[in-house]
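Coordinate inspection notes
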Amino acid sequence: MNFPVWDVWFGSSILIAIVAVVHVFVSHFAVGGGLFLVLTERKAYREHDSGLLSWLKLHSAFFVLITVVWGAVTGVGIWWTIALISPQATSALIRTFVWFWAIEWVFFAIEIAAVLMYYYGWDKLDRRTHLWFGWAYFVAAWMSLFVINGIVDFMLTPGKWLEDFQVWNGFFNPTFFPSLFFRSFLSFALAGVYALITAAWQKDPALKAKVVRWSSIWVLLNAILAVPAAYWYTQSIPPAVWALAKGTLPAATYSAMLIGLSAFLAFVLAFIAWLLAKRTPLVLSLLVLLAAFSAVASFERLREILRKPYIIFGYMYGNSIYSVPLDGDMGLNLPTLNERGVLRAANWVQTREIHEDNMIQAGREVFRLECQACHSLGGYRDIGRLLRRKQLTSQPAILAILGVLDKVPTSNVMPPFAGTAKEEEALSHFLTSVVQSNS
Amino acid sequence: MNAQAVVPYAGPTPLPAAVWLLEVLLVLGFVLHILAVNGVLGATLIGLWIRWFGETPEHKRLSDSLMHSTTSLLSPAITFGIVPLLFIQVLFGNFFYTSSVLIAWPWLMVIALLLLAYYSLYIGSWWKNRASKLIDLSVFVAIVFFLLIAFIFVNNMTLLITPEKWFAMYAADPTGMRLNLSDPTLIFRYAHMLLAAFGVGSLFVVALGIFHFKKEPDYGRFLIEYGGRWFIYITGLAMVAGFGFLFSLSAPYRQLFLGQSAFGTISLLLGIMLGLAAIFAISSAFHAKDPRRCAWAALILSALGVVFMAIVRDRLRDAFIAPYFHAAPLSVRYQVGPMAIFFALFILGLAFVVYMLGRFFRPERPASS
């Protein structure tokens, strides 16, 4: 409410999810793929396998197009999107971690320079130097994962930072190491997943068999290694939060199950590819890719759901309201807003006083300020559909549920309603008009 | 609704370093970013131009090497772009986020356009059949997208500094499906930025000339003269547009650069003089026996000119938004450790990249694969 809320008709939360997933799926590949390139190149030299080497050259072109272009641009795209959708939280993250972002940038810059020289160096550099560039790339890419990982995990588990606001406590937060291991293994597995695609393209059967076997082993081995890391990760999340995934919140439980299922499917399909070897069709590789994508997407979704009702856990709700008063928050916290009213505190509203005849209009603005970060009107997590599903179609029933938002559909998914009783009433009238107009 | 009241608060998170330090990094990052962007523009525009209109084999050769270098220029352009993006959010997030939200869809489109332009340049660079029309088409598309991206950026940067328009815009349409087209400075600013970028970008050809001169003096000289001509003409036009921009500003802001603020005036003056000096240097290169010294001078002078123009731009923004800074001071809490690590890594990283470049461009040895 400090910032204008961007009104995305199909739902801003799904927009950020899409951008995040297409980035994450590639950015992890960018890390693991680096290790894959150097180890495969070394293998080719050791075995004097020029076929493997020429496949790797082709694969590295594919790698450059995917990581340097797609990875880098969508990475900027995530910033772009979160800044549009959650400027208040983005501002907090950027200000808190600007030096960490800057450090990450140094590694990113090295990464980009190294991979370009690696690619353009195939016919220019001697073997040792060429491999050296590959290693330089991989180490820089992994370091950039190391740094970003701390900032991303911070949002779910800020840990001791909430007490002392010490940036190191926020960075090395409770899920930092489990998540780092998990993401590393994930990235190595993804390297194999992507390699299966260019592998399936190969015509020469012997070469194809070799590359498919080698790539699927990357998938299989790292998928197995990721399991204990994932378990460690779940154990580092506060138990009350993890309970959501264990059954209390259907959407979270469903995502958790989907991760397991997709990962298992990817594993089995990769195993089939290993068995088929030279007969592996491109479709199979694409199916592995799809299953892996589904696993990554579900992982991102789960993380996002678990963080609810917060965007920065224990600090700021998904709708940019601070959950507790802070120095300098200008009264944009829950208790103060309950007293003062959101329409009065917000910068960007046209209706500040509520009368009998502007209830719906005022309610519309309250909805935009407080609910639209997670709900939409007619799109993703459509509020009309949810109300109808619960058979909340009368104004008193809707008003009643607004009083217990933080307890439905289960505890700790939504922030409590913030604002005065009058504003609550206005919102209930607006929601009633929504339900009744499109039922 | 008064404009003062809609400008968002900076929020409770303190700044991690002093404002001046962050602002220096912002300007420095912007300069590096824009120099690389200039290179991209120069290489694509001149590359395509001579692909279409070039007649001699030298033209053709230059066109091909420009086409091959565009992607490797775009990478640093994007990478350096992250720096000002980071620091503008730290310092002016409350302005930047707001103006971005108001033009959200075009702003988000920048990402899609950039992605498509990038891939188009890769087609232009990697496509095997060098005579293919596909190369022309894709580089053309990339150029159009770059011009659009620049236009959207200029929209946002002008909206960022005019908070008095924000509330009415948002009240009329909160969906972000619009641009900021009504600004009187917009078209001059856009023209000036683009022409200046193209002008400086044509020095990329001059740089190639310096590089080639030792082994192939004729080709090297051709490049220096050809790139230099573009630089002279386009920079001249950029100056005209620049005066247009200056006079499209309302009087109080214009006056800042015409005497009222010593810092602003000197920066602008230095920017212009360095540009003129660069023109002089490059035209001396045309007649010199060894043109490299003068060509180098032109490169350095124009890069310095860009620095001062970036300072002018920074001063202008600060002057515009000064009335909207809230009473709540920006509190500063130095993060000494992370900051020291950053500066150390930055220096090491820079050294490392230089070392890598050295290793990469070392005299060629036979490939061993």
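Residues numbered from 1 in each chain as written. Chains lettered and ligands numbered in written order. Predicted model: local features only at pLDDT ≥ 70, side-chain atom pairs only at ≥ 80, totals over all residues. Heavy atoms only, no water.

At the junction of the two partners, chain A supplies 81 residues and chain B supplies 85 residues. Here chain A meets chain B over a buried area of about 7400 Å², counting both sides, of which 73% is carbon and sulfur. Among the residues chain A hides against chain B, the three largest losses belong to W80(A), R95(A) and W99(A). Together they make up 14% of the total. Where chain A meets chain B, there are zero salt bridges. For the pair chain A and chain B, the number of links is 14 residue pairs in polar contact (both at pLDDT 80 or more). (Contact = heavy atoms within 4.5 Å. Buried area = accessible area lost by both parts, 1.4 Å probe. Salt bridge = Lys/Arg side-chain N within 4 Å of Asp/Glu carboxyl O. Polar contact = N/O pair within 3.5 Å; in protein donor to acceptor, adjacent residues only side chain to side chain.)

This part covers the pattern of salt bridges. Residue and element names in this part refer to chain B. Applying the stated rule across the entire model yields 21 salt bridges over all chains. Here R61 and E216 are joined by a salt bridge, their closest N and O atoms 2.9 Å apart. You can see R61 sitting in helix α3 (residues 57–102) and its partner E216 sitting in the loop between α8 (203–213) and α9 (217–248), a full 155 residues away along the chain. Residue D64 is joined to R130 by a salt bridge in which the shortest nitrogen-to-oxygen separation is 3.6 Å. With D64 in helix α3 and R130 in the loop between α4 (104–126) and α5 (133–160), the pair connects residues that are 66 residues apart, well separated along the chain. Of the two residues examined, D64 and R130, each falls in the buried class. If you follow the salt bridges from partner to partner, you end up with E23, D314, R315, R317 and D318 in one network. (Helix = DSSP H or I, 4+ residues; strand = E, 2+ residues; numbered from the N terminus. Buried < 20%, exposed > 50% of the residue type's maximum accessible area, 1.4 Å probe, protein only.)

Moving on, we get to the domain arrangement of chain A. By a widespread convention, an interface's size corresponds to the accessible area lost as its parts come together. Residue and element names in this part refer to chain A. Per the domain assignment, the segments of chain A are domain 1 (12–317) and domain 2 (334–438). Taking only C-alpha atoms, the centre of domain 1 and the centre of domain 2 are 38 Å apart. Contact with domain 1, which involves 10 residues of that partner, is made by 14 residues of domain 2. Sorting the residues of domain 1 by area buried against domain 2 places K308, P309 and Y317 first, and these three jointly supply 41% of that buried surface. Inspection of the domain 1/domain 2 interface yields zero salt bridges. If you look at where domain 1 meets domain 2, you find two residue pairs in polar contact (both at pLDDT 80 or more). Of all the secondary structure elements, the ones that give two or more residues to the side of domain 1 that touches domain 2 are α1 (12–46) and α9 (239–248). The element contributing the most residues to the side of domain 1 that touches domain 2 is α1, with three residues. Partitioned by chemical class, the residues of the side of domain 1 that touches domain 2 number five nonpolar, three polar and two charged. (Domains from an automatic or database assignment. Nonpolar A, V, L, I, M, F, W, Y, C, P; charged D, E, K, R; others polar.)

This structure, assessed with the given rule, holds 81 aromatic pairs over all chains. Measuring from centroid to centroid gives 4.6 Å for W80(A) and W107(B), while their planes differ by 15°, and the two rings are stacked. Placement of the pair is W80(A) in helix α2 (residues 50–85) and W107(B) in helix α4, with the two residues belonging to separate chains. Per residue, the accessibility class of W80(A) equals that of W107(B), and both read buried. Ring plane angle 75° and centroid distance 5.2 Å describe the contact between Y119(A) and Y120(A), whose orientation is recorded as edge-to-face. (Phe/Tyr/Trp six-rings, centres within 6.5 Å; stacked < 30°, edge-to-face > 60°.)

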